[in-house]
There are 2 protein chains.
Amino acid sequence: MKERIEVCLSGAGGQGLILAGIILAEAAGIYEGKEVVQTQSYGPEARGGASRSEVVISEGFIDYPKVTKSDILLVLTQDACDKYISKLSQDGILIADSSTVKDVPALSAKTYRAPISKIAQEKLGNKLVINTISLGIIAGLTHLVSLESLRQAVLNRIRPRVREINEKALLLGYEIAQKMKLEKN
Amino acid sequence: MKERIEVCLSGAGGQGLILAGIILAEAAGIYEGKEVVQTQSYGPEARGGASRSEVVISEGFIDYPKVTKSDILLVLTQDACDKYISKLSQDGILIADSSTVKDVPALSAKTYRAPISKIAQEKLGNKLVINTISLGIIAGLTHLVSLESLRQAVLNRIRPRVREINEKALLLGYEIAQKMKLEKN
């Protein structure tokens, strides 16, 4: 792993991206002992429905806590894709929800598309779990954190009534990642 | 208001300080149109049960998003007080839960003590709302954000089943602040 990995989770308000950032941060920081800073910003860009959550994970001390160039960029809306694509690192990984992001610039070989919200609706009957599916995809594609650490953080952060569906969503995302990797080869 | 206000909410894991940080950030950033960056860090200091959430609120662009010296420091445990007191700005405001923080250094005239967790238990029968009471206290002491913006953010972030008790907690905190101000005079 690179010394410092910058992750940007972006989409619309209500898609649970802040919670996803916290879960990813806790998985890496509490369950895997990494240094982690998790940030959300509110300002002109956050109004009008956009939402963005950033996680910086490092083996050592984190001096500057904001994402400058994303190593991993998740985009759940076209708006988010258009807005944050320029911040993707040159060999960064782009993960796009192809149900909603129709126009994905083919910037690098590391662009992955999956109809995340369509799959959420069809397989789990609930679009509210696209955040957790996305975390499963990130774990499956990048091994940035283990699936088990993510599961621990989900169990810790998600309220009991929806834990079961979120555990399923996490595994579903991990499987989607395996399929996307096969399709690349 | 100073151009840039740095808030540090500190205590133990499970006290809802991350959620409190997000609510404060949304109140200022979404409902009052300020620039806001909200951060939590995980690392050696976060393990062993400590928890800390930071919010930087500014009228203008935020260049460095981490808290360097707190203008407002909330401490809900003795550990948090001992650890973060050195980061309090010279004329910063310290708010301590006197039910749990017995040894508060009398650093400045702006030290406020209230038995927050005791009041939470006695008045609302629930210690889980100390985070929301604390937000009410911050609003009442500092007018950093309006009570109405905080209420909007609470309604947006807190799940329906516990909204009522959290609205009460917010007002209770605001009242506690008024009493503390009177006692100072």
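None of these values were measured; they are calculated from a predicted model.

### With respect to the pairing of strand β2 (residues 35–42) of chain A
Taking burial as the measure, the eight residues of β2 of chain A include seven buried ones, the bulk of the element. Here β2 of chain A runs beside strand β3 (residues 50–58) of chain A; their pairing, made up of six bridges, is antiparallel. Within β3 of chain A, the residue paired with Thr39 of chain A across the bridge is Glu54 of chain A. When β2 of chain A meets strand β2 (residues 35–42) of chain B, the two strands line up antiparallel, connected through seven bridges. Pairing of Gln40 of chain A across the sheet is with Gln38 of chain B, part of β2 of chain B.

### What to know about the relation of the copies chain A and chain B
Copy one and copy two of the chain differ by a rotation about an axis and a translation along that axis. Between the two copies, chain A and chain B, the superposition gives an RMSD of 0.0 Å; the rotation angle is 180 degrees and the shift along the axis is 0.0 Å. Here the copies are linked by what is in effect a two-fold axis. Relative to the rotation axis, the C-alpha of Thr39 of chain A is the closest in chain A, positioned 2.2 Å from it.

### Quick notes on the interface of chain A and chain B
Of the residues lining the interface, 20 residues belong to chain A; the matching set on chain B comes to 20 residues. Elements represented by at least two residues in the side of chain A that touches chain B include exactly α1 (17–29) and β2 of chain A. Counting residues per element, the side of chain A that touches chain B draws most heavily on β2 of chain A, at eight residues. Each residue belonging to the side of chain A that touches chain B can be placed in one class, and the counts come to nine nonpolar, six polar and five charged.

### A word on helix α6 (residues 163–184) of chain B
All names here are of chain B. Given a rise of 1.5 Å per residue, 22 residues ought to cover 32 Å, and the 32 Å separating the end C-alpha atoms of α6 matches this to within 8%. Of the residues making up α6, those classed as buried are Asn166, Ala169, Leu170, Leu172, Gly173, Ile176 and Ala177. Packing partners of the buried residues in α6 comprise β6 (111–114), α3 (116–124), α4 (130–142) and α5 (147–157).

### Side note on the confidence of the model for chain A
Mean pLDDT for chain A: 92, with 96% of residues reaching 70 or above. Taken together, the chains of this predicted complex give a pTM of 0.92 and an interface ipTM of 0.87.

### Here's the deal with the packing of helix α5 (residues 147–157) of chain A against helix α6 (residues 163–184) of chain A
Residue and element names in this part refer to chain A. At their nearest, the axes of α5 and α6 sit 10 Å apart, and the two run at 155 degrees to each other. One element, α5, and the other, α6, form an angle in the roughly antiparallel class. For the element pair α5 and α6, the recorded crossing hand is right-handed. On α6, the residues touching Leu147, Leu150, Arg151, Val154 and Leu155 of α5 are Arg163, Asn166, Glu167, Leu170 and Tyr174. For the contact of α5 with α6, the class distribution of residues is six nonpolar, one polar and three charged.

### Some details on the pairing of strand β4 (residues 70–75) of chain A
All names here are of chain A. Burial within β4 is extensive, with six of its six residues counted as buried. Relative to β4, strand β1 (residues 4–12) is paired through four bridges, and the arrangement is parallel. Directly across from Leu9, in β4, lies its bridge partner Leu74. As paired strands, β4 and strand β5 (residues 88–97) are joined by five bridges and run parallel to one another. In the strand pairing of β5, Ile72 is matched with Ile93. With respect to chirality, the unit in which β4 leads through helix α2 (residues 78–84) into the neighbouring parallel β5 is right-handed.

### Thoughts on the sheet that holds β2 of chain A
Strand order in the open sheet made by the 12 strands is β6(A)-β5(A)-β4(A)-β1(A)-β3(A)-β2(A)-β2(B)-β3(B)-β1(B)-β4(B)-β5(B)-β6(B), with mixed pairing throughout. Only two strands of the sheet have a single partner each, and these edge strands are β6 (111–114) of chain A together with β6 of chain B. Each adjacent strand pair in this sheet contributes to an overall mean axis angle of 15 degrees, direction not counted. On the sheet, helix α4 (residues 130–142) of chain A packs against β4, β5 and β6 of chain A and is oriented at approximately 140 degrees with respect to β5 of chain A.

### Topic: unusual backbone geometry
In this structure, His143 of chain A is a non-glycine residue whose phi angle is positive, near 55 degrees. Assignment of secondary structure puts His143 of chain A in the loop between α4 and α5.

### Concerning the nonpolar core
Within the largest apolar cluster, 118 residues are counted, with the highest numbers of intra-cluster contacts made by Ile23 and Leu24 of chain A together with Ile23 and Leu24 of chain B. When neighbours within four sequence positions are excluded, Ile23 of chain A is seen to be in contact with Leu135, Leu150, Ala153, Val154 and Arg157 of chain A.

The rules behind these values
Residues numbered from 1 in each chain as written. Chains lettered and ligands numbered in written order. Predicted model: local features only at pLDDT ≥ 70, side-chain atom pairs only at ≥ 80, totals over all residues. Buried ≥ 20, exposed ≤ 12 C-beta atoms within 10 Å, placed from the backbone. Helix = DSSP H or I, 4+ residues; strand = E, 2+ residues; numbered from the N terminus. Pairing = 2+ DSSP bridges. Least-squares fit on C-alpha atoms with pLDDT ≥ 70 in both. Contact = placed C-beta atoms within 7 Å. Nonpolar A, V, L, I, M, F, W, Y, C, P; charged D, E, K, R; others polar. Expected span 1.5 Å × (residues − 1). pLDDT = per-residue confidence, 0-100. Axes fitted to C-alpha atoms, helices over the stretch in contact; angles between N-to-C directions. Parallel < 35°, antiparallel > 145°, perpendicular 65-115°, else oblique. Left-handed = near helix turned anticlockwise from the far one by under 90°. Right-handed = clockwise from strand over helix to strand, strands pointing away. Core = buried A, V, L, I, M, F, W, Y, C linked by C-beta atoms within 7 Å.

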